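Next come the chains, spelled out residue by residue.
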There are 2 protein chains.
Amino acid sequence: MSQDWLPVGPSQVKILDGFWKNWRELVGKVTLFHEYDQLQRQGHVDALQLDPKKHRGREEKDGWFWGGSIFWDSDLAKWLEAASARLENTADPDLEKLADDLIARLAASQQPDGYLNSHILTWRPGHRFKNLRDLHELYCAGHLIEAAVAHCEATGKKTLLNIAVKYADYIERTFGPGAGQLNGYCGHPEIELALIRLYRLTRDERYLKLTRFFVEQRGRQPHYYDQERINRLDLRPFRPGHPESPYAYMQAHKPVREQEKVVGHAVRAMYLLCAVADLAKELEDEGLRKTCQRLWDDVCQTKLYVTGGIGSAADNEGFTADFDLPNEKAYAETCASIGLFLFAHRMLHLDLRSCYADVMETALYNNILSGLGLDGKSFFYDNPLASRGKHHRVPWPWWCPCCPPNLARLILYLSRYLYSIRQDAIAVHHYVNSEVTFSVAGKPVRLRVESELPFGGRSKFTFENSAPFTLVLRQPSWASGISVRLNGKETTPELSNGYAILKRDWSSGDVLELEFGMPVIKQVARYEVESLRGRVAISRGPLVYCLEETDNGKNLDQLVLKTEAVLSPEMEAGLLGGVVVLQGDAERETVKGDGLYSTSPPTCRRAPIRAIPYYAWDNRAPGDMLVWMRSRGA
Amino acid sequence: MSQDWLPVGPSQVKILDGFWKNWRELVGKVTLFHEYDQLQRQGHVDALQLDPKKHRGREEKDGWFWGGSIFWDSDLAKWLEAASARLENTADPDLEKLADDLIARLAASQQPDGYLNSHILTWRPGHRFKNLRDLHELYCAGHLIEAAVAHCEATGKKTLLNIAVKYADYIERTFGPGAGQLNGYCGHPEIELALIRLYRLTRDERYLKLTRFFVEQRGRQPHYYDQERINRLDLRPFRPGHPESPYAYMQAHKPVREQEKVVGHAVRAMYLLCAVADLAKELEDEGLRKTCQRLWDDVCQTKLYVTGGIGSAADNEGFTADFDLPNEKAYAETCASIGLFLFAHRMLHLDLRSCYADVMETALYNNILSGLGLDGKSFFYDNPLASRGKHHRVPWPWWCPCCPPNLARLILYLSRYLYSIRQDAIAVHHYVNSEVTFSVAGKPVRLRVESELPFGGRSKFTFENSAPFTLVLRQPSWASGISVRLNGKETTPELSNGYAILKRDWSSGDVLELEFGMPVIKQVARYEVESLRGRVAISRGPLVYCLEETDNGKNLDQLVLKTEAVLSPEMEAGLLGGVVVLQGDAERETVKGDGLYSTSPPTCRRAPIRAIPYYAWDNRAPGDMLVWMRSRGA
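Per chain, the residues get numbers from 1 upward, laid out in the order the sequence is written. For this description, chains carry letters from A and ligands carry numbers from 1, given in the order in which they are written. For this predicted model, a pLDDT threshold of at least 70 governs which residues receive local features, and a threshold of 80 or more governs which side-chain atom pairs are given and counted, while totals over whole chains, interfaces and linings are taken from all residues. Excluded from the side-chain calculation are hydrogens and water; included are all heavy atoms of the structure.

Draft legend 1. How the structure looks around the packing of helix H1 (residues 19-42) of chain B against helix H14 (residues 403-412) of chain B. All names here are of chain B. The axes used here are C-alpha line fits, helices contributing only the stretch in contact, and every angle between their N-to-C directions lies in the interval 0 to 180 degrees. Helix and strand definitions here come from DSSP, where helices need a minimum of 4 consecutive H or I residues and strands a minimum of 2 consecutive E residues; each element is numbered from the N-terminal end. In contact at an axis separation of 9 Å, H1 and H14 are set at 145 degrees when each is read in the N-to-C sense. You can see that H1 and H14 cross each other, and the crossing is left-handed. Contacts from Trp20, Trp23, Arg24, Val27, Gly28, Leu32 and Glu35 of H1 reach H14 at Pro404, Pro405, Ala408, Ile411 and Leu412. Residues are grouped as follows: nonpolar covers Ala, Val, Leu, Ile, Met, Phe, Trp, Tyr, Cys and Pro; charged covers Asp, Glu, Lys and Arg; every other residue, Gly included, is treated as polar. Considered class by class, the residues forming the contact of H1 with H14 number nine nonpolar, one polar and two charged. The hand of a helix crossing depends on one turn: near helix anticlockwise from the far one by less than a right angle means left-handed, and clockwise means right-handed. For this analysis, residues touch if any pair of their heavy atoms sits within 4.5 Å.

Here you go:
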């Protein structure tokens, strides 16, 4: 286990002009304020008054559901975490005021004992922690704790941290194996990874211990949820998750160490695995690490969309059978892909292998980024790989506004996920225009990175200090080759686990040029994936491409791409905020006549096609979309 | 309207040695006795004792449902109709004894007023005609009437006819628009076509009038089923059929004249349309004929499997959206295809066009015949177009044994569907080794037909009397050409509506040789059928072919057939009772590696394939099956 790598914190990374700076400015200036406005309009903020009378009626207008949902507090917390990320790098008094005001409201709603949950306190007083299976109390607490850590780290203020610590301490007293304690755990994992984050800030061992308790207790027999249900005399049926166990949906069908396959709700699975990986690292627990590895492999080998989406079914917002990856009906929730990104980041710090960063990259540039419209204020909740023109981003997924603030916090905290360090080395996972500052043997080092990613394969590293250290550079799986020039001179680095290793006594002014071959790639799926037989997905670099009706006409599935077809990249600066499109020739296959069946072979004629990056679809005229094109061999 | 064609009755047609004689002997000697045995074992026969105590308990053994179901009487009636068909041509004292005994039991169970229904009389006395929507009483009565007409025609006995007439008269008094009459109709159409059949035997106008009432009343507002439900204080929800109306399932969502699309339960739809077509013919009602035409077109243009199956969904045993024709999940119930066959036969007698006989033929040789195993005692209820090895015929579909006796009566009454006559002409729809006797201007004519169908395209007609008449010969849609030789001399007949017209003063000893080109055909589906894109179905003559794992190995969907691939027919006398197989080369496309996705193009290697007729599948080692092969253009 090479568990000594640690992420480089966001305060050490400054994102410079370019692709991601643009997105981050959009999110900082537009998305955050749009989201706050929507949260306020829907009633999330007022819900903190804990007064049923202050809640607007459920049918009040727009057909929205205005009553306080069980997860509303988490939406506010994720928004606060996103706002903290913005404030870490950018002074914005308006945003800061909104955040401070919201924190004050949270403080006012906190009970003397530390408990804080607007839904329970308003609508189900007396039901505190009586239905851990369904009511998301600890899930909301987890997001509050995450926001508090982020807020403290970003602003230095302890206003939110104090609230979170008080609540965490209450939870720590309430839950555990002791007499008089509840030995249950939340139906929606989140508190576990939050408590580890709080532990890493405070080094208070109680939080680590509680995480361990929650993780180890989950899924044991006699089952807590069975007991809990009897205790509250609840005989109603509840949402079934999996043939194996109704609790698979809640990731509580069996102890995580015994799990061989990932099942149930995709976001819950990923959040739990984040905590398991964190715990494996903190405790150096090889059993937990192997569990993570096994379940990671299961996801990647049987359940991962080419876009980095996971959880193919809407029914359980989660996993189904191996290789069941429908295109048009793909659920592939934005939050699930974010969860996968977060899990992959943890895996990277258990074992530095490029495959984890590859998945992070695929998810980020495709399934995650597609979640946000180019206007910064429209969102996909689910991210299908084909559309017959009816799937569009919405200004607010009012039925469950989990994805918008999750997107905002991920993009604004992107700086957290680019680099890792250990003693005398820095690893670069993702090539983003940025400046990173770290120290080697007490000496500060500043490294400037310029990159053409995601549209070009060249990156340039400029060293602003002199120091001996190892530069570890990920070679993406899509790269057809790697070329490294140090101060203009070709050099051949050693490769290890998908990373190029460059050990040197770097001098101020050194320039390292890195170039990855970035061909257009046609991916095919293994036979077992019925929905993808005879089809190819086109990608270039980290970007998966798709066809849209507005470029290619109707009936996209008439287009057949020959195996040997050449598609040429071309930057179109004026299109969709500036994207590289792929252009070339396919064939349009049509069947003669109006009959249901025909005995004439289909007619094929040349059809020029233009593919755009998947993340950018549905930003122009509404219409059909297709990722997996039909293909034909020579 | 050319409504003057009439079917040639079964007593005028003798099936001679060959393909169908073999099947009919199997059904007559094996299937009928197997079915009677199963009906008796399951309790159908004992149910006629009307004594709950005589019913074996529901859980008694084999997990079978032994209590008397609402439709059990209809299974017995269909069996009696099939037995009658057998007795019409073949003396079989054992069979006759079984039939007579069953008729005696039916007579004993008939009430003094004529009512007869084992389910209601045993389990719900007092509920007579109180739930027409669900309880199938008139459906059972309809099959009883059909059996009675058949039995009288076949044997000359009136034992069953007397029972049926007494019941029909009771129904005729009970239902109608008059004061004190019930103005409802059965949730499962059948009585309508049965009453017309009784009318055609008896020429009693009351039965025609009642059919008309049932057909015209169906689906009107205020809705009878709404009223009926209120009357019996039944507030339970019931099986919904269609977004448009819950009564679509029962073919009662709107009056049939107003229907534009076929919806709901497929068998119910077909049985109703049979009666509508019969009524259109008897009443010369152009509105009803147009209704039939419109709904026929809808089925054929949007909802028909290439095998002649209809009703793609198990959920409602019926129709879904246009072009929704899944392969592996196809329901395509055997009885639904029989219903389509019967409806097509009616359409043919409203307007003699070969398209109707084409559909009869496709259904008969594929979706219907596949319903029966080569052992004569195993049955498919549903007939999918692809299987992953789990779909097998069962000795008895105990949950609903409707298909086995329906198959038996169709095959044993096949002679009813081959020929039609009018004043001075005879039409041949299906080429089957047989001798047909009819009269022209009072003179008896005997015509002997020998045919290679379904495995060869040649047929020969030998005239055994001299008479002037027109011979009308269907040219099947699959025929690439037609060649006619009269007494050895090539002749070119006029073609009209898909039939060749040969008018002549025929002499005894005349020989007409007919040959249809019978190439291997690759059918493709229109673009809208998503499940069939990039796929071909192979057929030759009336037979649709399929691949089985036992001939072609596992993973049949790896096989890709080139558009120009040549498949050669070869008769294998020892295989599956003697079938022509199609052999040639496809390519087996495989994807490298064990990963979910690969960037290497698929590898193709030559793979010899052997296809067998669809009807004969699942008669050897269990395994995968596929009708629609992947295909690839030049």
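Draft legend 2. Inspection of the relation of the copies chain B and chain A at higher detail. When the copies are overlaid, the least-squares fit takes in C-alpha atoms only where the residue has pLDDT of at least 70 in both copies. Between chain B and chain A, which share one sequence, the superposing operator has a rotation angle of 180 degrees and an axial displacement of 0.1 Å; the RMSD is 0.0 Å. Read as a symmetry element, the transformation amounts to a two-fold axis. Across chain B, the smallest distance between a C-alpha and the rotation axis is recorded for B:Arg632, namely 3.2 Å. A shared binding surface is used by both copies, with 100% of the interface residues of chain B retained as interface residues in chain A.

Draft legend 3. Up close: unusual backbone geometry. Here the bond from A:Gln221 into A:Pro222 is cis, since omega is -5 degrees, no more than 30 degrees from zero. By secondary structure assignment, the location of A:Pro222 is in the loop between helix H8 (205-217) and helix H9 (224-231). Here A:Leu453 and A:Pro454 are connected by a cis peptide whose omega angle stands at 5 degrees. Looking at the element boundaries, A:Pro454 is found in the loop between strand S7 (443-451) and strand S8 (458-463). For A:Asn497, which is not a glycine, the phi torsion comes out positive at approximately 50 degrees. Checked against the element boundaries, A:Asn497 lands in the loop between strand S12 (494-496) and strand S13 (499-506). Partly exposed describes any residue whose relative accessible area lies between the buried limit of under 20% and the exposed limit of over 50%, with all areas from a 1.4 Å probe on protein chains only and scaled to the type maximum. Taking relative accessible area as the criterion, A:Asn497 reaches 37% and is therefore assigned partly exposed. Positive phi is not limited to glycine here, since B:Glu284 has a value of about 50 degrees. Mapped onto the fold, B:Glu284 is located in the loop between helix H10 (266-283) and helix H11 (286-302).

Draft legend 4. The arrangement of the sheet that holds strand S9 (residues 467-474) of chain A in detail. All names here are of chain A. Strands were regarded as paired on the criterion that DSSP finds at least two bridges between them. Pairing in this open sheet of six strands is mixed, and the strands run S1-S4-S5-S9-S13-S12 from one edge to the other. Here the strands that pair on one side only, and so sit at the sheet edges, are strand S1 (6-7) and S12. By the bridge criterion, four bridges tie strand S4 (residues 419-422) to strand S5 (residues 425-428) in an arrangement that is antiparallel. When the sheet's bridge partners are listed, Arg422 is paired in S5 with Ala425. Packed onto the sheet, helix H13 (residues 354-368) meets S9 and S13 and runs at close to 60 degrees relative to S9.

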